[in-house]
Amino acid sequence: MEKREKIYEGKAKQLFTTDDADLLVQYFKDEATAFDGKKKGIIEEKGVLNNKISSRIFTMLEEKGVKTHFVKRLSDREMLVRRLRIIPVEVVIRNVAAGSLCKRLGLEEGTPLKEPTLELFYKSDPLGDPMINESLAKVFGWATDSELGQMKESAFKINRILSEFFNERGIILVDFKLEFGEHKGQVLLGDEITPDGCRLWDKSTLEKMDKDRFRRDLGKVEEAYREVLRKVME
Ligand code: UDP
């Protein structure tokens, strides 16, 4: 497999074509952003840690029957993935109230939700990922009814698998964001699952082990990501 040209550079990752038209190399950077890119920084070794964390989680999800873009980890910072047509609708699942939900509804962070919730956001940097609903996603052609159905079913299944996986390792899965794409007529999970896009709290101390340490200047960011990697490899 030969890595060819860079076709995309995002805030935390780059994508490269390969000699196979169906496969891309996803490269993880150390750059971190928050608040729609207004806060920027570097988390030392984040690319290496996130590539390993995401590879472990995607492998585990595939074993449990979730369809994903992941093929294999290639190196410290690179994984091989199936080429997707990204569906520009981000799915957020929550088990405990935090972040934007608390701001929007005036809730105290840490309030348990009596069942998992699902929110949709339109993937648009210039607009700052505004919240949408299924009706808007369909009207503007961002996702079909069938795609939305598959995304929702997959997202709740992933939540069940990941909540249990993290719980067994002493971590509460508070919330997380997923992205999906279409590949050969199938809806696959894409992007990454890492502390950049999940809220993870230590079950006994409630200490944050995710990007909120960077967003809120709590310190020990790299250490927290490293601890998540250690736990997911258990
Ligand atoms: N999230 C993300 N990318 C985004 C927005 C949110 O990965 O563009 C993740 C975030 O890390 C958290 C979950 O989705 O785990 C819910 O985020 P929330 O809506 O609370 O927004 P926030 O206040 O964190 O921006």
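Now for a look at the structure at hand. Just so you know, the residues in each chain are numbered from 1, in the order the chain's sequence is written. At least 70 in pLDDT is required for a residue's local features to be given in this predicted model, at least 80 for side-chain atom pairs to be given and counted, and no such filter applies to totals for whole chains, interfaces and linings, which use all residues. Side-chain measures here rest on the full set of heavy atoms in the structure, leaving out hydrogens and waters.

1. Observations regarding the nonpolar core
Point 1. To qualify as a nonpolar core, a set must consist of buried Ala, Val, Leu, Ile, Met, Phe, Trp, Tyr and Cys residues joined through side-chain atoms within 4.5 Å. Note on exposure labels: buried denotes an accessible area under 20% of the residue type's maximum, exposed denotes more than 50%, and partly exposed covers the range between, all computed with a 1.4 Å probe on protein chains only. Ranked by size, the top nonpolar core spans 52 residues in total, and within it Leu61, Val89, Ile158, Leu162, Phe166, Leu178 and Ile193 carry the most contacts.
Point 2. Strands are runs of DSSP state E lasting at least two residues, helices are runs of H or I lasting at least four, and both sets are numbered from the N terminus onward. Ranked by residues supplied to this core, first place goes to helix 4 (residues 145–168) with eight residues.
Point 3. The criterion used for residue contact is that any of the two residues' heavy atoms lie within 4.5 Å. Beyond its immediate chain neighbours, meaning those up to four positions away, Phe166 contacts Ile57, Ile171, Leu173, Leu200 and Val232.

2. Examining the pattern of salt bridges
Point 1. Note on definitions: salt bridges are taken to be side-chain nitrogens of Lys or Arg within 4 Å of carboxyl oxygens of Asp or Glu. Applying the stated rule across the entire model yields 33 salt bridges.
Point 2. Between Arg199 and Asp212 there is a salt bridge, with its nearest N and O atoms 2.6 Å apart. Separated by 13 residues along the polypeptide, Arg199 in strand 15 (residues 198–202) and Asp212 in helix 5 (residues 212–215) bring together distant segments of the chain.
Point 3. Linked by salt bridges that have partners in common, Arg94, Arg104, Glu109, Glu119, Asp175, Arg199, Lys208, Asp212, Arg215 and Arg216 make up one network.

3. Quick look at the site of the ligand
Point 1. One heavy atom suffices: a residue is near a molecule or strand as soon as one of its heavy atoms comes within 4 Å of it. What surrounds the ligand is a group of 15 residues, the closest being Arg94, Ser100, Asp175, Arg199 and Arg215.
Point 2. Here a polar contact is recorded for every N or O atom pair within 3.5 Å, except that within protein the pair must consist of a potential hydrogen donor and a potential acceptor, and residues adjacent in sequence are included only if both atoms are side-chain atoms. Arg215 places a polar side-chain atom, nitrogen or oxygen, 2.9 Å from an oxygen atom of the ligand.
Point 3. For the shell around the ligand, the elements supplying multiple residues, two or more each, are strand 9 (89–96), helix 2 (99–105), strand 12 (171–178) and strand 15.
Point 4. Three classes are used: nonpolar for Ala, Val, Leu, Ile, Met, Phe, Trp, Tyr, Cys and Pro, charged for Asp, Glu, Lys and Arg, and polar for all others, with Gly counted as polar. Residues of the shell around the ligand, tallied by class, amount to four nonpolar, three polar and eight charged.

4. Quick look at a nonpolar patch on the surface
Point 1. For patches, a residue must show more than 30% relative accessible area and have no salt bridge; joins then use 9 Å for like charges and 5 Å for nonpolar side chains, namely Val, Leu, Ile, Met, Phe, Trp and Tyr. Accessible surface area values rest on a Shrake-Rupley calculation with a 1.4 Å probe, where residue burial reflects the displayed protein chains alone. There is a patch of nonpolar side chains on the surface, built from Leu136, Val139 and Phe140 and spanning about 300 Å² of accessible area.
Point 2. In this structure Phe140 comes out as exposed when scored by relative accessible area, which is 51%.

5. Things to note about the sheet that holds strand 3 (residues 23–28)
Point 1. Here, a strand pair is defined by DSSP locating no fewer than two bridges between the strands. Reading across the sheet, the five strands line up as 1-2-3-7-6 and stay open at both edges, with antiparallel pairing between neighbours. Pairing within the sheet leaves two strands with one partner each, and these edge strands are strand 1 (3–9) and strand 6 (70–73). Averaged over all pairs of adjacent strands, the angle between strand axes in this sheet comes to 30°, irrespective of strand direction.
Point 2. Sheet topology note: the strand 6/strand 7 (residues 78–82) ladder contains three bridges and is antiparallel. By the bridge assignment, Phe70 is partnered in strand 7 with Val81.
Point 3. Axis lines are fitted through C-alpha atoms, for helices just across the contact stretch, and the angle between N-to-C directions can take any value from 0 to 180 degrees. Most of the contacts of helix 1 (residues 46–63) go to strand 6, to which it runs at about 130°, and overall it touches strand 3, strand 6 and strand 7.

Function-wise, these values are silent; they only describe arrangement.
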